[in-house]
Amino acid sequence: MSNKTLKYLVATVIVMLLVFQVGTLIASFYGIVWGACSAAVVMAVSFFSARSARTGGKNSFWFLLPTLLFIILPISFKIWKIMSEDISWLERIVRFAPFMIGFGVPICLLLIVYYELRKKTIDG
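Residues numbered from 1 in each chain as written. Predicted model: local features only at pLDDT ≥ 70, side-chain atom pairs only at ≥ 80, totals over all residues. Heavy atoms only, no water.

A few points about the nonpolar core
Threshold: What makes a nonpolar core is a set of buried Ala, Val, Leu, Ile, Met, Phe, Trp, Tyr and Cys residues whose side-chain atoms join them at distances within 4.5 Å. Each residue is placed in one exposure class: buried if its accessible area under a 1.4 Å probe, protein chains only, is under 20% of its type's maximum, exposed if it is over 50%, and partly exposed if it falls in between. Going along the chain from the N terminus, every DSSP run of H or I of four or more residues is numbered as a helix, and every run of E of two or more is numbered as a strand.
Residues V10, I14, L18, V42, I71 and I107 are the most contacted members of the largest nonpolar core, which totals 21 residues. If you list the elements that add at least two residues to this core, you get α1 (3–30), α2 (32–55), α3 (61–83) and α4 (89–123). Among the elements that take part in this core, α4 stands out by supplying 8 residues, more than any other.

Okay, here's the thing in structure tokens:
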């Protein structure tokens, strides 16, 4: 596979993870209808951001800004939710670990790979 194809695959996986996580968080907080609506909004914003990033040349700002926003908000919400409960620190870590292992760490690693592939496809 070419670097360009890999870049598109990584971007697709990032968007899929974001849509799932934001939709899940909103659905757990407000209900399934709002979760589906928020997932559609995340997908639309990610699509238009990727489109703007494509026209921006070397500037990845338009792809990274909403992606980071959709990463920071769910992580902050999850931390706030766990910290507001009256439980031990060990239980907080145990509750937060699956979220970070299943969403936070993979999305950060994918962003690093996407950024490096983007540099290679623009330079090469």
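Still more ground to cover, so stick around.
Brief notes about the environment of A39
Put simply, the rule is: Two residues form a contact once any of their heavy atoms are found within 4.5 Å.
Assignment of secondary structure puts A39 in helix α2. Look at A39 and you get buried, because its relative accessible area is 14%. Here the alpha-carbon distance between A39 and A27, two residues 12 residues apart in the chain, equals 9.5 Å. With residues up to four places along the chain from it excluded, the contact list for A39 reads V19 and G23.

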